[in-house]
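# What the coordinates show
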Amino acid sequence: MMKTLSTLSIALLLASSVAHAQAPAPAAAPGPGDDLVKQGQQKVREGQHEEALALYRKALEAAPESFAANMQAGVVLDLLGQYGDARRHFEKAIAVAPTPQNRVAASRAMAMSYAFERNCAGAATYEAPLHEQYLKAGDFFMAGEIANELARVCLESGDLEAAEKWYRTGYDVGPREPNIKPERKDLWDFRWEHAQARLAARRGNAAEAKTHVEAARAILNKGTNAEQAQFLPYLVGYVAFYGGDYRGAVAELQKGNLNDPFILALIAQAYEKLGDQAKATEFYKKALASNAHNPTGAYARPLAASKLGG
């Protein structure tokens with residue numbers, strides 16, 4: 001039988017283990033093209049997309065298997081409206097992803113590339129499997145997050161049936177999180193009412209939409225998810241817009257997050273409906289200035305570009 005370790009021996013082993021755990025991991029050596037990728041990201045922040053793309057291409061000449069360079073090239077190509085080229089880079093990024101998390105990020109980026117073209121089915125090709133992966137792993141929160149993200153892509157792509165299916169899936173799955181806290185359950189309830197209100201508005205069911213708006217408001221009034229308050233004016237404005245109340249839409253949407261390109265694009269459309277082309281152009285330009293590579297940017301940027309003649 002193995003002899004019992006002395007108290008001193010155990011203490012020394014623990015000390016050694018803690019010291020080892022706290023020792024900083026050696027920094028990874030910079031890869032070929034890493035500096036070019038960083039320069040490209042700065043160019044994107046400055047709105048210089050062509051210049052950024054040129055830097056990413058140089059990085060890929062130096063390191064064709066670079067995950068970061070392929071991801072960033074894909075993003076900027078989507079921002080430039082070159083979706084087919086963007087997807088070739090995202091496909092490469094998926095193939096060379098160094099970690100499962102990187103692979104998930106690349107798959108979601110690929111889905112967003114389809115969202116830029118309002119292609120719900122294309123986005124689902126990449127996000128539906130991710131949803132299943134999280135579900136099988138028992139990560140119900142992330143399974144719900146992916147379902148909701150896909151639902152929003154489908155909604156703004158005009159596929160209301162698919163959007164409802166995925167929003168319902170998100171609501172069915174998210175609250176299955178083990179030992180879920182009341183505030184988290186409230187979050188999922190709020191999201192579900194928010195989604196139902198927008199779906200009803202898009203279907204022309206104004207009364208139903210308002211019922212869900214009030215249900216969402218009541219959940220917020222519980223005070224358990226104060227950070228979600230910013231999404232209520234967006235919801236009220238969205239319902240107003242699709243109900244034909246364009247002045248009301250502008251008034252409510254301007255209470256929301258004016259860094260959100262989707263809200264900016266919706267305000268622009270409302271001004272357009274009101275016949276105020278100067279204000280519409282102002283807000284389309286603001287939306288076009290966003291570099292967001294997510295459902296909000298995927299909806300707003302192509303619309304703003306088309307409205308501004310480019």
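Note that the structure is predicted; figures quoted are calculated from it, not measured. (Residues numbered from 1 in each chain as written. Predicted model: local features only at pLDDT ≥ 70, side-chain atom pairs only at ≥ 80, totals over all residues. Heavy atoms only, no water.)

### Remarks on the overall build of the protein chain
Selection criterion: Working definition: helices are DSSP H or I runs of at least four residues, strands are E runs of at least two. Numbering for both runs from the N terminus. To sort residues, take the accessible area from a 1.4 Å probe on protein chains only and compare it with the maximum for the residue type: under 20% means buried, over 50% means exposed, and anything in between is partly exposed. Whether two residues are in contact is decided by their heavy atoms, any of which lying within 4.5 Å being enough. Method for areas: the Shrake-Rupley scheme with a 1.4 Å probe, in which residue coverage is limited to the protein chains shown.
Of the regular secondary structure elements, the protein chain holds 16 helices and 0 strands. Burial analysis of the protein chain (310 residues in total) assigns 47% to the buried set. Long-range pairs, those at least 24 residues apart, make up 54% of the contacts in the protein chain between residues at least 6 apart in sequence. In the structure as shown, the protein chain presents an accessible area of about 15,600 Å², 54% of it carried by carbon and sulfur atoms.

### Remarks on the environment of alanine 73
Summarising the element assignment, alanine 73 is placed in helix H4 (residues 67-79). Among the residues examined, alanine 73 registers a relative accessible area of 0% and is labelled buried. Each residue touching alanine 73, except ones within four places of it in the same chain, is listed here: Leu53, Tyr56, Leu60 and His89.

### A look at the layout of surface pockets
Stated formally: The way it works is a 1 Å grid over only the protein atoms, where trapped points that fit a 1.4 Å probe form a cavity and open points with protein on both sides within 12 Å along at least five of seven lines form a pocket, and then any residue with an atom within 4 Å of a point lines it. Grid points are joined across faces, edges and corners, and a volume is the space filled by probe spheres set on the points. The classification used treats Ala, Val, Leu, Ile, Met, Phe, Trp, Tyr, Cys and Pro as nonpolar, Asp, Glu, Lys and Arg as charged, and all other residues, Gly among them, as polar.
Estimates place the volume of the largest pocket at around 620 Å³. Along its surface, the largest pocket is lined by 19 residues, and Asn148, Glu149, Arg152, Arg191 and Phe231 are the ones closest to its centre. For the lining of the largest pocket, the secondary structure elements donating two or more residues are helix H8 (140-156), helix H10 (182-202), helix H12 (231-242) and helix H16 (295-307). Classifying every residue of the lining of the largest pocket gives 5 nonpolar, 7 polar and 7 charged. The space that makes up the second largest pocket amounts to roughly 180 Å³. Surrounding the second largest pocket, Ala206, Lys210, Val213, Glu214, Val236, Val239, Ala240, Gly243, Asp245 and Glu252 form its lining. Mapped onto the lining of the second largest pocket, the elements with two or more residues apiece are helix H11 (206-220) and H12. Top contributing element to the lining of the second largest pocket by residue count: H11, with 4 residues. Residue composition of the lining of the second largest pocket, grouped by class: 5 nonpolar, 1 polar and 4 charged.

### Considering the state of the cysteines
Convention followed: Sulfur atoms of two cysteines make up a disulfide when they are within 2.5 Å.
Per the stated rule, a full pass over the model turns up 1 disulfide. Note that cysteine 120 is cross-linked by a disulfide to cysteine 154, the S-S spacing being 2.1 Å. Linking cysteine 120 and cysteine 154, the disulfide has an S-S dihedral of approximately 70 degrees and is accordingly described as right-handed. Note that cysteine 120 is positioned in helix H7 (residues 120-136) and cysteine 154 in helix H8, a separation of 34 residues in sequence.

### Some thoughts on H12
Spacing of three or four residues puts side chains on the same side of an α-helix, whose turn is 3.6 residues. To keep things clear, this is the line we draw: A helix is expected to span 1.5 Å for every residue after the first.
The first and last C-alpha atoms of H12 sit 17 Å apart over 12 residues, in line with the 16 Å expected at 1.5 Å per residue. Counting buried residues along H12, 10 of its 12 residues qualify, which places the element largely inside the surrounding structure. The complete set of buried residues in H12 reads Leu232, Pro233, Tyr234, Leu235, Val236, Gly237, Tyr238, Val239, Ala240 and Phe241. Each element contacted by the buried residues of H12 is listed here: H8, H10, H11, helix H13 (246-253) and helix H14 (261-273). Downstream of H12 by a residue or two, glycine 244 has a phi angle that is positive, lying close to 85 degrees.

### Notes on the packing of aromatic side chains
Put simply, the rule reads: Only rings of Phe, Tyr and Trp enter the pairing, Trp through its six-membered ring, and a pair is recorded when the two centres are within 6.5 Å. The plane angle decides the type: under 30 degrees is stacked, over 60 is edge-to-face, the rest tilted. Charge over a ring is defined by NZ of Lys or CZ of Arg lying within 6 Å of the ring centre and within 35 degrees of the ring normal.
The full count for this structure, using the stated rule, is 12 aromatic pairs. Between tyrosine 114 and tyrosine 126, the aromatic rings sit 6.2 Å apart at their centres with planes inclined by 20 degrees, giving stacked as the arrangement. Placement of the pair is tyrosine 114 in helix H6 (residues 100-116) and tyrosine 126 in helix H7, with a sequence separation of 12 residues. One exposure class covers both tyrosine 114 and tyrosine 126, and it is buried. Judged by centre distance (5.3 Å) and plane angle (10 degrees), the rings of tyrosine 171 and tryptophan 192 are stacked. With a gap of 21 residues between them, tyrosine 171 in helix H9 (residues 160-173) and tryptophan 192 in helix H10 connect regions that are remote in the sequence. Judged by its relative accessible area of 23%, tyrosine 171 is partly exposed. One aromatic cluster is present, formed by Tyr234, Tyr238, Phe241, Tyr242, Tyr246, Phe262 and Tyr299 through successive ring pairs. Sitting over the face of the ring of phenylalanine 262, arginine 152 holds its NZ or CZ atom 4.7 Å from the ring centroid. One residue, arginine 191, lies across the ring of tryptophan 188, its end atom 4.9 Å from the ring centre.

### Let's talk about the packing of H13 against H14
How two helices pack is summed up by the angle between their axes together with the distance between the axes. For clarity, the cut-off: Between N-to-C directions, angles cover 0 to 180 degrees, with each direction set by a line fitted to C-alpha atoms, over the stretch in contact for helices. Angles are sorted into four bins: roughly parallel if under 35 degrees, roughly antiparallel if over 145, roughly perpendicular if 65 to 115, and oblique for all others. Note on convention: near helix rotated counterclockwise from far helix by under a right angle means a left-handed crossing. Clockwise means right-handed.
The N-to-C vectors of H13 and H14 enclose an angle of 150 degrees; their axes lie 9 Å apart at closest approach. If you check the angle between H13 and H14, you find them roughly antiparallel. Handedness of the crossing formed by H13 with H14: left-handed. For the pair H13 and H14, contact is made by Tyr246, Ala249, Val250 and Leu253 and by Ile263, Leu266, Ile267, Ala270, Tyr271 and Lys273, respectively. Here the contact of H13 with H14 is composed, by residue class, of 9 nonpolar, no polar and 1 charged.

Function-wise, these values are silent; they only describe arrangement.
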